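The chain contents come next:
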Amino acid sequence: MNKLWVRLTLAIGIITTIGIVLAVLLINRQVSAQFRYFVARNQTLSTELAMPLVAYYAENGSWEGVETIVDTLHTPGGKGRGQGQGMQYGTPNLILADTDGKIVYDQSNRRLKQSLSKQEKIAALPLTCQTQTIGYLLVSEANNVQLSGRDQAFLEQVNLALVQAGMVAIVLGLLMGVILARNLSAPLSRLADVARRITRGQTSRRVPLTGVDELRDLAASFNEMADHLEEAEMLRRNMISDIAHELRTPLSVIQGNLQAIIDDVYPLEKTEIEDIYEESVMLHRLINDLHELAQAEAGQLSLNLEATDLVALAKNTASLFEGLAQERGIRFTFNAPADLPLVQADADRARQVLHNLLGNALRHTPEGGQIFLSIARAQSQGRSFLRISISDTGPGIPPDALPHVFDRFWRADKSRSREGGGTGLGLAIARQLVQAHGGQIGVESTVEQGSRFYFTLPAV
Ligand code: ADP
């Protein structure tokens, strides 16, 4: 009873039944009434009242005194009763009205001098004398007219046909209701079933797109949500295994070194202790990066947005790297036009993005290579941005790896990057920070020629 399709069927069934019963009743009433009027009019004609009445009028020029003639023609047992016509009359009340519809004769004497209603006028037999209407003859209370056996049978047949048609329509209505309700509720049941299966861990389940437009929309949105859930679930699993893997490496180095010291494999040399310290620094950095990334991905990063001079900020950050670049024989070039607008940014976060990208460029550029830092205006979707590009002459990134460089823990060469102090989170963090500002980040790269990382920040 609480099922949608049962309720829909019931609702459709009830509405259909009420509609059809009402229609049958109305049609029945109308048909009966019209039929009775029709019979009554025939009776009137057959009483042959009309002819003598017209003759009376022609003779007298008015209806005055007409009751005398009607009474003789139409009293019980009178000659106008239509015996032998196959009709058994009750007591139809004869009414005669003048041309204006004013009643000049009423057999029951109840409505004398009143007027005929519009409907009565239509039902009445117009009396004409030399093409001129001289009055109306009406058998009122036609419902009292008793019908002959044949007429009664005809009416009963009509009624029976109406009832049969009504029953067939109700059964058809109910059948259609069941089909319609089933069609509507089946996709919903399927959706509920798939939702339950996804909850139980079958995340690859999807709903087929069937049914009416709204249900298709619902199924499509549901599938989209299931895609996101599946992806999020996969990312979560990957992340946990990545984190476990990343933590295991420095921890096992620390553990191995400490064990060696305990087992007197090494004497307690400063360099061994330095190794252990380096690994703990790496662990610390990894945990910090993870914390930052988790916050950024959860959208909980609080940005202290203010109008920031990006050129000054970039120059300042670059100066930290210039010394290191010089040491390694790398040429560092900075280029920015003079009249650039300020950007709406959190200076610390913008510095961190630059830091990560410059750090990567420096790490991947060989001795004698070059790094270019440039800032320029850019437009995107009708808004102004500043675009910061960092190009290097490093080994470049293969095309199949390019889409993954911003994924967390992704490294082209895992072991080498770790040795260089990379956590594999630098670019993932940079992407989150830039996106939190409403900017974009990207990379273009050609193997053996170099890479160009860029990001945009909204201009004030
Ligand atoms: P990591 O801490 O390993 O540098 P990142 O997220 O910063 O982590 O970078 C991910 C990977 O992208 C790096 O391991 C490296 O393989 C690649 N990569 C990043 N920057 C460059 C670059 N300038 N040139 C070549 N490869 C790069």
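Residues numbered from 1 in each chain as written. Predicted model: local features only at pLDDT ≥ 70, side-chain atom pairs only at ≥ 80, totals over all residues. Heavy atoms only, no water.

S.K.: When you look at the packing of helix α7 (residues 270-297) against helix α11 (residues 426-436) in this model, what are you seeing that I'm missing?
M.R.: For any two helices packed against each other, one specifies the inter-axial angle together with the distance between the axes. One way to put it is that α7 packs onto α11 with a least axis distance of 9 Å and a crossing angle of 35 degrees. In the crossing of α7 with α11, the sense of the turn from one axis to the other is left-handed. Residues Asp-289, Glu-292, Leu-293, Ala-296 and Glu-297 of α7 touch α11, and the partners they reach there are Ala-428, Ile-429 and Gln-432. A per-class count over the contact of α7 with α11 returns 4 nonpolar, 1 polar and 3 charged. (Axes fitted to C-alpha atoms, helices over the stretch in contact; angles between N-to-C directions. Helix = DSSP H or I, 4+ residues; strand = E, 2+ residues; numbered from the N terminus. Left-handed = near helix turned anticlockwise from the far one by under 90°. Contact = heavy atoms within 4.5 Å. Nonpolar A, V, L, I, M, F, W, Y, C, P; charged D, E, K, R; others polar.)

S.K.: Please clarify how the environment of Glu-367 should be interpreted in this entry.
M.R.: The residue Glu-367 is located in the loop between α9 (347-364) and β8 (370-380) in this model. With 310 residues separating them along the chain, Glu-367 and Tyr-57 place their C-alpha atoms 134 Å apart. The contacts of Glu-367, once residues within four sequence positions are left out, are Arg-328 and Gly-329.

S.K.: In this structure, what is going on with the pairing of strand β1 (residues 93-98)? I would like to understand it.
M.R.: Looking down a regular strand, the side chains alternate between one sheet face and the other. With 6 of 6 residues buried, β1 is to be regarded as a mostly interior element. The alternating pattern of β1 places Asn-93, Ile-95 and Ala-97 on one face and Leu-94, Leu-96 and Asp-98 on the opposite face, and all of these are buried. Relative to strand β2 (residues 103-106), β1 runs antiparallel, the two being bridged by 3 bridges. Residue pairing for β2: Leu-96 is matched across the bridge by Tyr-105. Connecting β1 to the antiparallel partner β2 that follows it, the hairpin turn spans 4 residues, and Gly-101 within it adopts a positive phi of roughly 90 degrees. (Buried < 20%, exposed > 50% of the residue type's maximum accessible area, 1.4 Å probe, protein only. Pairing = 2+ DSSP bridges.)

S.K.: In this structure, what is going on with α11? I would like to understand it.
M.R.: Along an α-helix, residues three or four apart share an orientation, since each turn contains 3.6 residues. The complete set of buried residues in α11 reads Leu-427, Ala-428, Ile-429, Ala-430, Gln-432, Leu-433 and Val-434. Residues of α11 that are buried in the fold lie against α7, α9, β10 (441-446) and β11 (450-458). Within two residues after α11, Gly-438 carries a phi angle of roughly 85 degrees, on the positive side.

S.K.: How should helix α6 (residues 213-262) be read in this particular structure?
M.R.: Look at α6: 72 Å from first C-alpha to last across 50 residues, which is about the 74 Å you get at 1.5 Å a residue. When α6 is considered as a whole, its buried residues turn out to be Leu-215, Ala-219, Phe-222, Asn-223, Ala-226, Met-239, Glu-246, Pro-250, Ile-254, Asn-257, Ala-260 and Ile-261. The first or second residue beyond α6 is Asp-264, which carries a positive phi of 60 degrees. (Expected span 1.5 Å × (residues − 1).)

S.K.: Could you clarify how one ought to interpret the side chain of Asn-356 in this entry?
M.R.: Here Asn-356 lies in helix α9. Polar side-chain contacts of Asn-356 include one of 3.0 Å to the backbone oxygen of Gly-426. Every residue in contact with Asn-356, bar those within four places of it in the chain, is listed here: Gly-426, Ile-429 and Ala-430. (Polar contact = N/O pair within 3.5 Å; in protein donor to acceptor, adjacent residues only side chain to side chain.)

S.K.: Where do I start with the domain arrangement of the chain in this structure?
M.R.: Think of interface size as the accessible area that goes away when the parts come together; that is how it is often given. In terms of domains, the chain is made up of domain 1 (213-280) and domain 2 (304-458). If you average the C-alpha positions of domain 1 and of domain 2, the two centres end up 25 Å apart. Between domain 1 and domain 2 lies a buried interface of about 580 Å² when both sides are counted; carbon and sulfur atoms form 52% of it. Of all residues in domain 1, Met-239, Asp-242 and Glu-246 bury the most surface against domain 2, accounting for 62% of the area lost on that side. Remark: the boundary between domain 1 and domain 2 carries 0 salt bridges. Taken together, domain 1 and domain 2 are joined by 0 residue pairs in polar contact (both at pLDDT 80 or more). Ranked by the residues each element gives to the side of domain 1 that touches domain 2, the list is headed by α6, at 7 residues. Its residues assigned to classes, the side of domain 1 that touches domain 2 shows 4 nonpolar, 1 polar and 3 charged. (Domains from an automatic or database assignment. Buried area = accessible area lost by both parts, 1.4 Å probe. Salt bridge = Lys/Arg side-chain N within 4 Å of Asp/Glu carboxyl O.)

S.K.: Help me understand empty space enclosed by the protein in this model?
M.R.: It is a probe the size of a water molecule, rolled over the atoms, that shows where empty space is left. One pass over the structure, following the stated rule, counts 2 cavities of 30 Å³ or more. Forming the walls of the largest cavity are Pro-187, Leu-188, Leu-191, Val-207, Pro-208, Thr-210, Leu-215, Leu-218 and Ala-219. Breaking the lining of the largest cavity down by element, the ones donating at least two residues are α5 (149-199) and α6. (1 Å grid on protein atoms, 1.4 Å probe; cavity = no way out; pocket = protein on both sides within 12 Å on 5 of 7 lines; lining within 4 Å. Points joined across faces, edges and corners; volume = space filled by probe spheres on them.)

S.K.: Which parts of the structure should I look at to understand the sheet that holds β8?
M.R.: Across a sheet, strands are paired by hydrogen bonds formed along the backbone, either parallel or antiparallel in direction. Taken in spatial order, the 5 strands line up as β6-β8-β9-β11-β10 in an open sheet, and their pairing is mixed. In this open sheet, the two edge strands, each paired with only one partner strand, are β6 (331-335) and β10. Across this sheet, the average inter-strand angle for adjacent strands is 20 degrees, counted without regard to direction. As judged from the 7 bridges shared by strand β9 (residues 383-392) and β11, these two strands associate in the antiparallel manner. Bridge assignment links Ser-389 to a residue of β11, and that residue is Tyr-454.

S.K.: Looking at this model, I keep getting lost on the environment of Thr-249. Mind explaining?
M.R.: Mapped onto the fold, Thr-249 is located in helix α6. Considering only alpha carbons, one finds Thr-249 and Tyr-37, 212 residues apart in sequence, at a separation of 105 Å.

S.K.: How do you make sense of the site of the ligand when you look at a structure like this?
M.R.: Around the ligand, 18 residues are found, and the nearest of them are Asn-360, Arg-363, Asp-392, Ala-412 and Leu-427. In this structure, Arg-363 approaches the ligand through a side-chain N or O atom, which is 2.8 Å from an oxygen atom. At 2.8 Å from an oxygen atom of the ligand is found a main-chain nitrogen or oxygen belonging to Leu-427. Broken down by secondary-structure element, the contributors of at least two residues to the shell around the ligand are α9, α11 and β11. Take the shell around the ligand: its biggest share by element is 3 residues, from α9. (Near = heavy atom within 4 Å.)

S.K.: How should the packing of aromatic side chains be read in this particular structure?
M.R.: The geometry of an aromatic ring pair comes down to the distance between the two centres and the angle between the two planes. Tallying each qualifying case throughout the model produces 2 aromatic pairs. Centroid distance Tyr-57 to Trp-63: 4.7 Å. Interplanar angle 50 degrees. Geometry classified as tilted. With a centroid separation of 6.1 Å and 75 degrees between ring planes, the pair formed by Phe-406 and Phe-453 is classed as edge-to-face. Taken as a pair, Phe-406 in the loop between β9 and α10 (414-419) and Phe-453 in strand β11 lie far apart in primary sequence, 47 residues in all. Each member of the pair, Phe-406 together with Phe-453, is buried. (Phe/Tyr/Trp six-rings, centres within 6.5 Å; stacked < 30°, edge-to-face > 60°.)

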